[in-house]
Number of protein chains: 2
Amino acid sequence: MKKLINTPDGVVQDELHGFQAAHGDRVRVSFDPAMIVRIDAPVKGKVGIISGGGSGHEPMHGGFVGPGMLDAACPGEVFTSPTPDQMAEATKAVDGGAGVIHVVKNYTGDVMNFDMAAELGKGEGIEVETILTNDDVAVEDSLYTAGRRGVGVTVLVEKICGGAAEDRRSLQQVAELGRRVNANGRSMGMALTPCITPASGNPSFELADDEVEIGIGIHGEPGRFREKVGPASQVAERLMTPILEDLPFSSGDRVLAFVNGMGGTPLIELYVVYAEVAKIAQQHGLRIERNLIGSYITSLEMQGCSITLLKLDEEMTRYWDAPVNTPGLRWKA
Amino acid sequence: MKKLINTPDGVVQDELHGFQAAHGDRVRVSFDPAMIVRIDAPVKGKVGIISGGGSGHEPMHGGFVGPGMLDAACPGEVFTSPTPDQMAEATKAVDGGAGVIHVVKNYTGDVMNFDMAAELGKGEGIEVETILTNDDVAVEDSLYTAGRRGVGVTVLVEKICGGAAEDRRSLQQVAELGRRVNANGRSMGMALTPCITPASGNPSFELADDEVEIGIGIHGEPGRFREKVGPASQVAERLMTPILEDLPFSSGDRVLAFVNGMGGTPLIELYVVYAEVAKIAQQHGLRIERNLIGSYITSLEMQGCSITLLKLDEEMTRYWDAPVNTPGLRWKA
């Protein structure tokens, strides 16, 4: 195992030290429990939004803390759910009196722990709503999941709900919007290579030198099938077809297309894939009105990509375009 | 070789198609000769800034085209210099009457071709100034270079000069500022793994399973030495010591610290490295006033990182902070 780390056990703490050193002007980093919190939290009268999950998916979620997106993120150890007390602390830290949203990717550990944290929050008189993401069309149940896994759409939920919360929409409105984003988003991923967790030191799975895994999960969980590596056009077709059929997307739909790198894939390849995605979208009469291309929800150094399509409505588009100022996503309308 | 591409020969054209599909609202992409040009170029009365070089280093340079940074970029084939006619076309395309800057990384092919393009531009009555970057302290001459290689500081030159040009500084002022950035910036990189160019299909060099190469170039050119992989603290020390000694940086200096990923390195590892960089900087009395962490000047899927330190002055800081709106870097003051 070759990695830029000090010790397998210390990687999350070390990363948080780096995050604090780099972004301490805009976030508060705490280590016990581990949290990244917007520096001006809680924002009075604004719905607070938190998320969290195992580390190893950076910039998600810590890199999305800031105005226009998350109020706090709770990083677990690599590929390990954070604990209920982390989430409960974060809930308290961002409660500005308008309630708090938990954005939860559908993995058994995350769901269970966020449920407990929501109960703890409610016990302190904080209104909590949960948005569960489960956009991965690859498999129904998987290694760590009952039902579909939550993947790329999570980034879009966090951005769009962040915009709505900044606009002082109510807890129910932000929650409803986030659930609509999840309901209208579909994703699927693939891997050229496995990743190695620092703790295990071994590849998460074995893949032959000429094979790819279609439908991979973000922790290296098995996908749908393996096949010989083909051209990018074939990879895009393998991912786009199930996505398009599942919602289903229809001619005339306006969509956001998100081509995501798994962590070890260079940007040049993501643009090659995006060219194919744009071609397929056009063949199906979809209008790509917004796009995002880059590594935003990753699996350590895994090589591969995922595609997410979101059927946009006017409100989603408006809050997608709204200003955001985080280490990982940053723009002004 | 496993890559998300269609054919080894078509990768740059395919990438440009993806770039056009994604960013056609803000750039014009042409294919013969290959160029990415700001959609509103030439901007009347503004110094035009172009750069270029081999592909495989994305987002550099095409991802830096837009207000506040480059007016155009000329991508060559992977790790291959663009041609003089590409550069000459780009020079004409961005000439708003105030002259054009060529930002050139110090590689023999790039230097020669940009020289010819500058002559061609002057032949058409366009004032051209060249900023040559040569910030890599690792080696004096190398495989493709007489003198030091131009690496990470190039991103900083492009951003800072872009800000100055947007502020309608003169050709001489922008050129002088860019040269000052180069003169005050130092970089060094390392690799955990080689990269594979699509054309060759083979690793650019061999590295044992427990070895790293210190001082690597962005095309996989040999560095200073190889050693057993150590902790991130050791890697940071190996890169920071030559950088600090070379300028030299002194206690009290205000610096921009840039931790760059080589393309296949996940963000979590870059933050671990940044924590070490911040520690070493503090031990030397440096004040890190700005930072940049991410994969901005890459070597295909190579795993590894580079560190760039820039000694800031007031003018550099101001133009670093100035608004920028490109696919690769985007913020508003």
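Residues numbered from 1 in each chain as written. Chains lettered and ligands numbered in written order. Predicted model: local features only at pLDDT ≥ 70, side-chain atom pairs only at ≥ 80, totals over all residues. Heavy atoms only, no water.

1. Notes on the environment of A:Arg186
All names here are of chain A. Inspection of the secondary structure puts Arg186 in strand β7 (residues 185-191). Beyond its immediate sequence surroundings of up to four residues, Arg186 is in contact with Asp135, Val137, Arg148, Ile243, Asp246, Leu247, Phe249, Ile307, Thr308 and Leu309. Of note is the side chain of Arg186, whose polar atom sits 3.0 Å from the backbone oxygen of Ala183. (Helix = DSSP H or I, 4+ residues; strand = E, 2+ residues; numbered from the N terminus. Contact = heavy atoms within 4.5 Å. Polar contact = N/O pair within 3.5 Å; in protein donor to acceptor, adjacent residues only side chain to side chain.)

2. As for the interface of chain A and chain B
A common way to state how big an interface is: give the accessible area lost once the parts meet. Counting residues at the interface gives 57 residues for chain A and 57 residues for chain B. Regarding the contact of chain A and chain B, the summed buried area is about 4,400 Å², with carbon and sulfur atoms giving 64% of it. On the chain A side of the interface with chain B, the three residues burying the most area are A:Lys2, A:Leu4 and A:Ile268, jointly 21% of the side's total. Along the contact surface separating chain A from chain B lie zero salt bridges. Between the two partners, chain A and chain B, sit 20 residue pairs in polar contact (both at pLDDT 80 or more). Considering every element that reaches the side of chain A that touches chain B, the biggest residue donor is helix α7 (residues 267-283) of chain A, with 10 residues. (Buried area = accessible area lost by both parts, 1.4 Å probe. Salt bridge = Lys/Arg side-chain N within 4 Å of Asp/Glu carboxyl O.)

3. Describing the packing of aromatic side chains
One pass over the structure, following the stated rule, counts six aromatic pairs over all chains. The positively charged end of A:Arg318 is found above the aromatic ring belonging to A:Tyr319, 5.0 Å away from the centroid. (Phe/Tyr/Trp six-rings, centres within 6.5 Å; stacked < 30°, edge-to-face > 60°. Lys NZ or Arg CZ within 6 Å of the ring centre and 35° of its normal.)

4. Observations regarding the sheet that holds strand β1 (residues 27-31) of chain B
Residue and element names in this part refer to chain B. Spatial ordering of the open sheet is given by β1-β2-β4-β3-β5-β6, a layout of six strands whose pairing is mixed. Of all the strands in the sheet, just β1 and β6 (128-133) have a single pairing partner and so form its edges. Mean inter-strand twist for the sheet, computed between neighbouring axes without regard to direction, equals 20 degrees. Two elements, strand β3 (residues 48-55) and strand β5 (residues 100-105), share four bridges in a ladder whose sense is parallel. Bridge pairing links Ser51 to Val103 in β5. Running at roughly 170 degrees to β5, helix α3 (residues 108-123) makes contact with β3, β5 and β6 of the sheet. (Pairing = 2+ DSSP bridges. Axes fitted to C-alpha atoms, helices over the stretch in contact; angles between N-to-C directions.)

5. What about helix α7 (residues 267-283) of chain B?
All names here are of chain B. An ideal rise of 1.5 Å per residue puts 24 Å on 17 residues; α7 measures up with 24 Å between its terminal C-alpha atoms. Summarising burial for α7: 14 of the 17 residues are buried, a large majority. Two residues or fewer past α7, Gly285 is found with a positive phi of approximately 75 degrees. (Expected span 1.5 Å × (residues − 1). Buried < 20%, exposed > 50% of the residue type's maximum accessible area, 1.4 Å probe, protein only.)

6. Points about the side chain of A:His23
Its location among the elements puts A:His23 in helix α1 (residues 11-23). Classification of A:His23 as buried rests on a relative accessible area of 8%. If we skip the residues at most four places from it in the chain, A:His23 touches A:Pro327, B:Tyr271 and B:Asn291.

7. Some details on the environment of B:Thr308
Residues and elements named next belong to chain B. Within the secondary structure layout, Thr308 lies in strand β12 (residues 304-311). By relative accessible area, which is 0% here, Thr308 ends up buried. A sequence separation of 163 residues divides Thr308 from Thr145, and the C-alpha atoms of the two residues are 19 Å apart. Within the structure, Thr308 has its side chain in polar contact with the side chain of Ser187 (distance 2.6 Å).

8. Quick word on the relation of the copies chain A and chain B
Mapping chain A onto chain B calls for a screw motion: a turn of 180 degrees about the axis and a shift of 0.0 Å along it, with 0.0 Å RMSD after fitting. Such a combination of rotation and displacement between the chain copies is what one expects of a two-fold axis. Looking at the rotation axis and the C-alpha trace of chain A, the residue lying nearest is A:Gly264, at 1.9 Å. A high fraction, 100%, of the interface residues of chain A reappear at the interface in chain B, so the copies pair face to face through one surface. (Least-squares fit on C-alpha atoms with pLDDT ≥ 70 in both.)

9. A look at the pairing of strand β8 (residues 211-214) of chain A
Residues and elements named next belong to chain A. As paired elements, β7 and β8 share two bridges and run antiparallel to each other. Looking across to β8, one finds that Met190 is bridged to Ile214. Note: β8 against strand β9 (residues 225-228), four bridges, orientation antiparallel. Looking at the pairing, Val212 lines up with Glu227 of β9.

10. What about the pattern of salt bridges?
Residues and elements named next belong to chain A. Counted under the stated rule, the structure contains 54 salt bridges over all chains. Of the charged contacts, one joins Lys92 and Glu124 as a salt bridge, the two residues approaching to 3.5 Å between their closest N and O atoms. A residue pair is termed long-range when its members are at least 10 positions apart, and Lys92 in helix α2 (residues 84-94) and Glu124 in the loop between α3 (108-123) and β6 (128-133) qualify at 32 residues. For Lys92, a relative accessible area of 37% gives the class partly exposed. Looking at Glu124, the relative accessible area reads 51%, which means it is exposed.

11. Points about the domain arrangement of chain A
All names here are of chain A. Taken domain by domain, chain A comprises domain 1 (12-184) and domain 2 (185-312). Between the C-alpha centres of domain 1 and domain 2 the distance comes to 23 Å. At the interface, 31 residues of domain 1 touch 34 residues of domain 2. When the two sides are added together, the surface that domain 1 and domain 2 hide from each other amounts to roughly 2,500 Å², 65% of it contributed by carbon and sulfur. It is Phe79, Val137 and Asn184 that lose the most area in domain 1 upon contact with domain 2, and together they represent 25% of the buried surface on that side. Between the two partners, domain 1 and domain 2, sit one salt bridge. A salt bridge links Arg148 to Asp246; its shortest N-O distance comes to 2.7 Å. Inspection of the region where domain 1 meets domain 2 yields 16 residue pairs in polar contact (both at pLDDT 80 or more). (Domains from an automatic or database assignment.)

12. As for unusual backbone geometry
A cis amide bond links A:Ala41 with the next residue in sequence, A:Pro42, at an omega value of -5 degrees. For A:Pro42, the location among the structural elements is in the loop between β2 (34-38) and β3 (48-55). Across the junction of B:Glu58 and B:Pro59, the peptide omega takes the value 10 degrees, indicating a cis bond. Inspection of the secondary structure puts B:Pro59 in the loop between β3 and β4 (72-78). Positive phi is not limited to glycine here, since A:Leu300 has a value of about 50 degrees. Tracing the sequence through the fold places A:Leu300 in the loop between β11 (287-294) and β12 (304-311). With a relative accessible area of 3%, A:Leu300 lands in the buried category.

13. Some details on the sheet that holds β2(A)
Residues and elements named next belong to chain A. With mixed pairing, six strands are arranged side by side in an open sheet as β1-β2-β4-β3-β5-β6. Edge positions in the sheet fall to β1 (27-31) and β6, since each of these pairs with one other strand and no more. Averaged over all pairs of adjacent strands, the angle between their axes in this sheet comes to 20 degrees, without regard to strand direction. On top of the sheet, helix α4 (residues 153-166) reaches β2, β3, β5 (100-105) and β6; it is set at about 150 degrees to β6, its chief contact.

14. Observations concerning α4(A)
All names here are of chain A. For α4, built from 14 residues, the straight-helix expectation of 20 Å at 1.5 Å per residue is met to within 8% by its first-to-last C-alpha distance of 20 Å. With 13 of its 14 residues buried, α4 lies for the most part within the structure. Taken from the residues just after α4, Arg168 is the one with a positive phi, measuring 65 degrees.

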